[in-house]
Each structure stands twice: as C-alpha cells, then as structure tokens.
Amino acid sequence: MDPSAIIFQLILGIASAMLYWIVSSGLTFTFGVTRVLNFAHGAFYMLGAYFTLTIFELTQNYIFSLFFGATLVALIGAACERGLISRIYGLPVPFQLTLTFGLVLVFDDLVRIFWGSVPKMMPPQFVGSINVLGRALPIFSVYLIIAGIAIALIMYFLLSKTDWGMEIRAITVDPETAVCSGLNPTFLYATAFMFGSFFAGLGGGLYVPISSAAPGMGEHVIIYAFIVTVIGGLGSIKGAFISALIIGIIESLGALFVPWMTIALPYIALAAVLILRPEGIFGEK
Amino acid sequence: MRNKTILAAVIALTLLIPFTGNKYLLYLSIKIWILILYAIAFNIIFGYSGLLSFGHALFFSGSAYGLAILVVKSGLPLPVGFIAGIAIAAVFSAAVGFLSLRHKEIHFAMITLAFSMMFWGIVMKWRDVTGGEDGIAGIPRGMPIFWFYYFSVAVVLICAYIIYRFVKSDFGLVLEGIRENEVRVRFSGHSTLKYRLYATIVSGTFTGVAGALWTMLDRTVTPSISHWSFSAMPVIATLIGGPQNFLGPAIGTLIYVIAQDVITKYTLYWQFILGMVVVSVVLFFRGGVMGVLERLFERR
C-alpha cells in the first residue's frame, strides 16, 4: 500500500485520538480524585455540544462559544457533584454507575425537550485544508491535534505547578492525611469535578462542527472514554493520553487494513489489555 | 408461608391472561416473563456474588442469534435450535467467565462490556450470517401465541425454581460469602475463582434461555439486543426491585416494563422519569422495592 496513505491516515487517527483524549482526560481525572466512575461524563459532553451550538448561533464566535459552553457544563457538573454524586462516595461501584447512568437518561430527555430529537448541525469551522504528501488534510484536524497537546500541557502545569494541583494530588493519594493537614475535601472534590466536566464540555464543543449534536451522542462517547481510561489505567492522566493515541491510531489504521472489523477493534484492545495487564498500562496494582 | 400463597395466587391469575383475547396484552406479558428470567439470571452474579456484569446482552443475543441462524439459515428444527442456542450461551459464559475471573468491580464490568460489544461488532458486520443491521427475520414460533404464553411461563418458572434452589444451596451461600468477604472465603478453603466461574456459567446459560424465548416471541433478531444498552436493562430493573432478594429482579422488571409501556402512552420523555427513579432509588432506597417491603414487614 502507498506509504503516504498510511501516514495520512495516521494523522487523521491522531486527530480523532485527541478528541478521545480530551474527553477521557476529564473522566480519568475525576475518577482519580473522587473514585467515582462517572457515566454522566458522556451527558456533559453532549451538553457541551449543544451549548456551543446555541451560543454560536447567538454570537457567531466559535472560540467564545466553545469556552463559554464548556464553562456552563463545568458549572452543571459541579452542581451534580454537590447535589447528587457527593452522596455516593464510597458506595459500591454498581450504585455509582447506576446513579450516574440515571443522570444520562435525564439529561438525554432534557436535551430532547429543549432542542428536539432531530440532530442539530452547525456551520463547519476552520474550513480549508493543508497539503500533506499530496493529500488534503482538513485544517480542523490540525487544530484538534494542537488543542489536544495544549490541553495536556495545561493539565500538567495545573496539577504539578499550582497549589490547587498539589492539594488535588494530595487528596488523591491519601485523602485522610490530606484532610487532617487542613485541606478542604468539599472544595477539592467539587472543583475537581468541575474541572473534569469542563473537558467533557470542551470535547463536545470541538466535535459539533465536524458532525452534529444529537440526544444520546454521549452514550457512544462515554463507552470510548471508558475504554481509553481502563486501557490507560484508571485515574492515570498520562495513561489516558497514551491509550487515546493507541485507540485513535488502531482505529484509523484498522479502517485502512481491516475495514470489516474496525467497529470491534477498540473492544478487542480493551479485552486484550484487561487480560494481559488488568490494571491498565499506567495503572497501579 | 403467606408470601408463597400470595405468589402462587398472582401466578395463577396471570395464567388467565390469554383468555382476555387481547393480543397486545398477551405479547407484553410474555415479554415481561422473559425479561424476568433475564433479570433473575443476571442477578445470580450481581446480587449473590457481587459482580456487576455489563455484558449480559452477549449471552442473551448469543443464544438468540444461535437459534435464528441454525433454524432460518441452516434449516434445523426449532427444538434443536432452542437447545443449541442455550448451549451457545453456556459456552460464551464459560469463555467470558474464564477470561474475566481475575477481575472485580469496575474491571469486571468493563471486560464483560468489551466482550459483549465485540459480539455486537461481529453481528453488525458479518452480514452474510447475521444479516447486519437488518437482523434475521422469519423465525418460527412453533405454536400459536396462545400456547406460546403457557410454554414461556412454564419454562420461566422451571428455570426460576432451579435458580432459586441454586442460590439457596450451600453453593449460593459461598457465593454470598465471596460478596461479603472474599479473603475469608478463600481462607476457609474454597476456590473463589471456581465458584465465580460456575456462577457465571449458570447465569449466562439461563440468560440464554431467555434469549431463545425472546427470539421465538419476536420472530426476528436485530443487533439491538447485543448492544450494551440491553445489558443495562437488567441492572436497572434489579436495582429498582432490590438485588438482595430473590424476587427483587422480577418485581423490578415488572415495574420497569409496565412503567415504560404506560408512560410512553402519555409522554415521549419516559427516559426522564426512569432516570429520576433510578437516581432516587440509589440515593434513598438502596434495597429497592423489596428492601422497602421487607423493612415495612419487619416493623410490625
């Protein structure tokens, strides 16, 4: 096969990997801090898509809509944490998964009530392409890759260089000692959840211009985010970045070489990792 | 004793349903019976051994597709397809159980999800055999729906009784022990892995019975029964009814299906109400309906 086709497909794979990474980063981060695997993360992604779309219709400014939409999602995330999810910390996993799954059902129907059941589109953003090895690479994919790397750097900076990041890391590693040394768990859990939800919203907002917003769109994404987080190691942000790349790349190359089984590839990868290394690539035992 | 009398009376009353002549009611009732078996079988590993499977759709649809393919595509007689479908579910559950034994909690949920969605991928893509998104139509039911009702009820009740004896046996007690404290059970000389594997196989096999009945009722199979959202159904139903009680999943399924049927008549937004119910069950009634009932009767 033509090597330029493979490289081109690889770049597209990395671009979609960045979308997986942005959504999964929030999921794995909130899990690391609060130990709750949040099904509703996909619903926040959907809300991000709808908010971005509606704010764009009002302001015609995509970047502004993207960030404002994600901020609104972050606030909703914080409200959910305070009102509901904070009550289920420490409960067995099935209860956590079902409560947050209940939220998914509620948000899906709320979106249907406010925006209707028909998928909504917005005008494509950053139209145009650049020439890569004689093929037209959409400029949006390039921006997606830049955004993904920027978010990775911002996360690294926030978590390792700021006081808030240090406190978050402290409460993740040893909640009891952290609380005894005077950290405020209520504040930290709520802000961690807000932070995680922000990235769900951002992911949704980035996805709308290349596709559409539809009720239930979060359910597909959350399963992918689960796969990415579990492969990377639950709670590991570095792991999420690497495994998002793995999933994005095997999917795009799979589409080239084994198109009939692309649909199952992420699940095969998940099962393989769980059998060979149950704690994930960067997970702790 | 009184509980058993009430249960027997309720079951006897449902036997009159075919005489109402209402085709829709009949269809819905069979559906409820089948889903009750699905939920009870699921609850063997959820309620009794504390493992959340997020991939029971694999066993359900494995059996359903097995039956459909063997009967429609290979032209085998229906009873052979029925048995073969259940056998396929048993083989699937043995394989999944063997590969996911080491996992607990989230990881168990994720690996079962992975296997069931792999099967979904195969069903969607292997058009020649599974019919892809269109599924397979034209599965015979073998009898009029009037008699199929009694056939389903008989099969479901027999299976439920076997499951009941199974979870109330010494074996079931060890399973509950694993749920409460796995280390202690291991110290008392039981191989927890072996118990888990057997529980998964029993659970998967009876899920397969439900899947085979479902195919005969609907006379078609589509990939929607392999999708993970179909695995979420028994989870929700069981939580509503109460996982710690044998009849919890049955009550939960009954509420789930009837509520869905009734609410969709009045509003399109039935998921909203279901979501609210699920959230409040987790927040306030963690024992489900049966938990609430048990507490009420204890107080007297």
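Reading the values: the criteria
Residues numbered from 1 in each chain as written. Chains lettered and ligands numbered in written order. Predicted model: local features only at pLDDT ≥ 70, side-chain atom pairs only at ≥ 80, totals over all residues. Contact = placed C-beta atoms within 7 Å. Helix = DSSP H or I, 4+ residues; strand = E, 2+ residues; numbered from the N terminus. Nonpolar A, V, L, I, M, F, W, Y, C, P; charged D, E, K, R; others polar. Axes fitted to C-alpha atoms, helices over the stretch in contact; angles between N-to-C directions. Parallel < 35°, antiparallel > 145°, perpendicular 65-115°, else oblique. Left-handed = near helix turned anticlockwise from the far one by under 90°. Expected span 1.5 Å × (residues − 1). Buried ≥ 20, exposed ≤ 12 C-beta atoms within 10 Å, placed from the backbone.

### What about the interface of chain A and chain B?
Move 1: Facing 35 residues of chain A, the contacting portion of chain B comprises 34 residues.
Move 2: In terms of residue count, the dominant contributor to the side of chain A that touches chain B is helix α4 (residues 93-115) of chain A (16 residues).
Move 3: A class-by-class count of the residues in the side of chain A that touches chain B yields 29 nonpolar, two polar and four charged.

### Overview of the packing of helix α2 (residues 41-59) of chain A against helix α9 (residues 217-232) of chain A
Residues and elements named next belong to chain A.
Move 1: Direction vectors running N to C along α2 and α9 enclose 130°, while the axes themselves pass 7 Å from each other. Viewed along their axes, α2 and α9 adopt a mutual orientation that is oblique. By crossing handedness, the relation of α2 to α9 is classed as right-handed. On α9, the residues touching His41, Gly42, Ala43, Tyr45, Met46 and Ala49 of α2 are Met217, Gly218, Glu219, Val221, Ile222 and Ala225.
Move 2: Split by residue class, the contact of α2 with α9 holds eight nonpolar, three polar and one charged.

### Looking at α9 of chain A
All names here are of chain A.
Move 1: Taking 1.5 Å per residue, 16 residues should reach 22 Å; α9 reaches 23 Å between its end C-alpha atoms and fits that length.
Move 2: Across the 16 residues that make up α9, a large majority, 15, are buried.
Move 3: With its phi angle positive at about 105°, Gly233 sits one or two positions after the end of α9.

### A word on the packing of helix α7 (residues 145-168) of chain B against helix α10 (residues 192-218) of chain B
For any two helices packed against each other, one specifies the crossing angle of their axes together with the interaxial distance.
All names here are of chain B.
Move 1: It is the contact of α7 with α10, at a shortest axis distance of 11 Å, that shows an interaxial angle of 175°. With respect to each other, α7 and α10 are oriented roughly antiparallel. Within the contact between the two elements, α7 uses Phe148, Ser152, Val155, Cys159, Ile163 and Phe166 and α10 uses Val202, Phe206, Val209, Leu213, Met216 and Leu217.

### Some remarks on the environment of Thr200 of chain B
Move 1: Checked against the element boundaries, Thr200 of chain B lands in helix α10.
Move 2: Distance from Thr200 of chain B to Ser49 of chain B, taken between C-alpha atoms, is 9.6 Å for residues 151 residues apart in sequence.

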